Amino acid sequence: MKDKVGIITFHRSHNCGSMLQAYALQTVVEDMGHWPEIVNFSNEGQRRLYRPFQKVTSLKVLVKNAIALAHLSRIERNDACYERFIQEHFHLSSGDYSHCDQLSDDGYSTVICGSDQVWNITIEDGDDAYFLPWVKKASKVAYAISFGARDISKYSNEPKKYAGYIDDISYISTREKNGQKWIRQLTGRNAPVVLDPTLLLDAEDYEEIEDKTFPTPERYIFYYSPTYDRSINKLVKQMAEKYGLPVICFNTKAFFVKGMDMMGFSLPEREDPSVYLRLMRNATLVVTTSFHGTIFPVLFERPFWTIKNGGMFGDDDRVLTLMDSLALNDRLIPIEFDSCRDYLEPLDFAECRNRRKVLRSESLSFLRDALDSTK
């Protein structure tokens, strides 16, 4: 009989990157001969974060809520698609938990926390549950953990508490170089930097959950960003005009709040990870600002550019670590439009492929060793 492995992560975020890394980790654990079960935990902060309307704390929020109301049917349709994806593709635990004290490790041989920003203590999604204090008997593993550029020593009033939680985890790995540094500072332990779970699978592994029937134009730019900064929107508009390509975006609320429909950009008829994968795989060009938005054109070997922005100029090394490890630093570009640049320049993925092969082997070895330690 297979041993049962619990996974606690941001699986219920209506965010394609979060959901796909959860799916990938579940798939890899199962391929290693275990029975994975995703702990159906989502705190109140996360639930609020993905509701159509936010609590009104300012005029700006009020305006955003009014815009969301105008597009409510579309937002609710997308939410239903995300929920359907969760029910169809995740091995969920029974129950619906929102508080750490509701959780139990009964029945699990191992509990894995991660990947994604589950150790970012500053976000609404953040919760002590992801540090595994509720795991009393099972082996504890942290896989490809991210702090989301937030050093616990600086952002918490209780760094010793978190240091204790972390030091009680038998196997720890992180996704970024800063994470490695901060774990060492908190606990004295040296955590290896490993690949995000999505990179442990191959492009063809995602075909099973991709919506191959979803129609796409013959040529288009897929522009994916969590928030859609207006200056980057302008850059993408200039790219589109240079090559005469339509632009398809995601994230309905952000799209209309930023007035991107008035720029001539469009949205897919519905949104969920199956559509996201389809749009990534078929794109003429992908332009993104996000970590997972960078990963999928790499997996599908599509031309792409990642725009350097925001926290990348500070402690946020999520994308920077990724690009450096895969020899893709030249695909990280500034926001300013360069009329001389060939934005459709073909990309030779040979070195990236070689780097990923080595890193994937090391990452799988770490995870396999962690899981086998309980046998």
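Preceding this paragraph is the structure being described.
Reference entry: report on the structure contained in this document.

### Thoughts on the overall build of the protein
Line of reasoning, step 1. Within the protein one finds 13 helices and ten strands.
Line of reasoning, step 2. Taking 2.2 N^0.38 as the reference for a compact globule, 375 residues should give roughly 21 Å; the C-alpha atoms of the protein span a radius of gyration of 20 Å, in line with that estimate.
Line of reasoning, step 3. Structurally, the protein occupies a C-alpha span of about 60 × 50 × 40 Å along its principal axes.
Line of reasoning, step 4. Relative to its 375 residues, the protein shows a buried fraction of 55%.

### Brief notes about the sheet that holds strand β7 (residues 247-248)
Line of reasoning, step 1. With parallel pairing, the five strands of this open sheet are ordered in space as β7-β6-β8-β9-β10. Every interior strand has two partners, whereas the edge strands, β7 and β10 (332-333), have only one.
Line of reasoning, step 2. For strand β6 (residues 221-224) and strand β8 (residues 285-288), the ladder comprises four bridges, and the chain directions are parallel. From the neighbouring strand, Tyr224 faces β8, where its bridge partner is Thr288.

### What to know about the pairing of β6
Line of reasoning, step 1. The alternating pattern of β6 places Ile221 and Tyr223 and Phe222 and Tyr224 on opposite faces, both of which are buried.
Line of reasoning, step 2. Relative to β7, β6 runs parallel, the two being bridged by two bridges. Across the sheet, the residue bridging to Ile221 is Val247, located in β7.
Line of reasoning, step 3. The handedness of the β6 to β7 crossover, carried by helix α8 (residues 230-243), is right-handed.

How each quantity is defined
- The residue numbering used here restarts from 1 in each chain and proceeds along that chain's sequence as written.
- Given that this is a predicted model, residues contribute local features only at a pLDDT of at least 70 and side-chain atom pairs are listed and counted only at 80 or more, while totals for whole chains, interfaces and linings are drawn from all residues.
- Note that the side-chain values use all heavy atoms of the structure and ignore hydrogens as well as water.
- A helix here means a DSSP run of H or I that spans at least four residues, while a strand means a run of E at least two residues long, and both kinds are numbered starting from the N terminus.
- Radius of gyration here uses only the C-alpha atoms, and the compact-globule reference equals 2.2 Å multiplied by the residue count raised to the power 0.38.
- Throughout this description, buried means an accessible area under 20% of the type-specific maximum (1.4 Å probe, protein chains only), exposed means over 50%, and partly exposed covers the range between.
- At least two bridges found by DSSP between two strands are what make those strands a pair.
- A crossover counts as right-handed when, viewed with the strands pointing away from the observer, the path leading from the first strand over the helix to the second turns clockwise.

As far as function goes, none of this settles anything; it's purely spatial.
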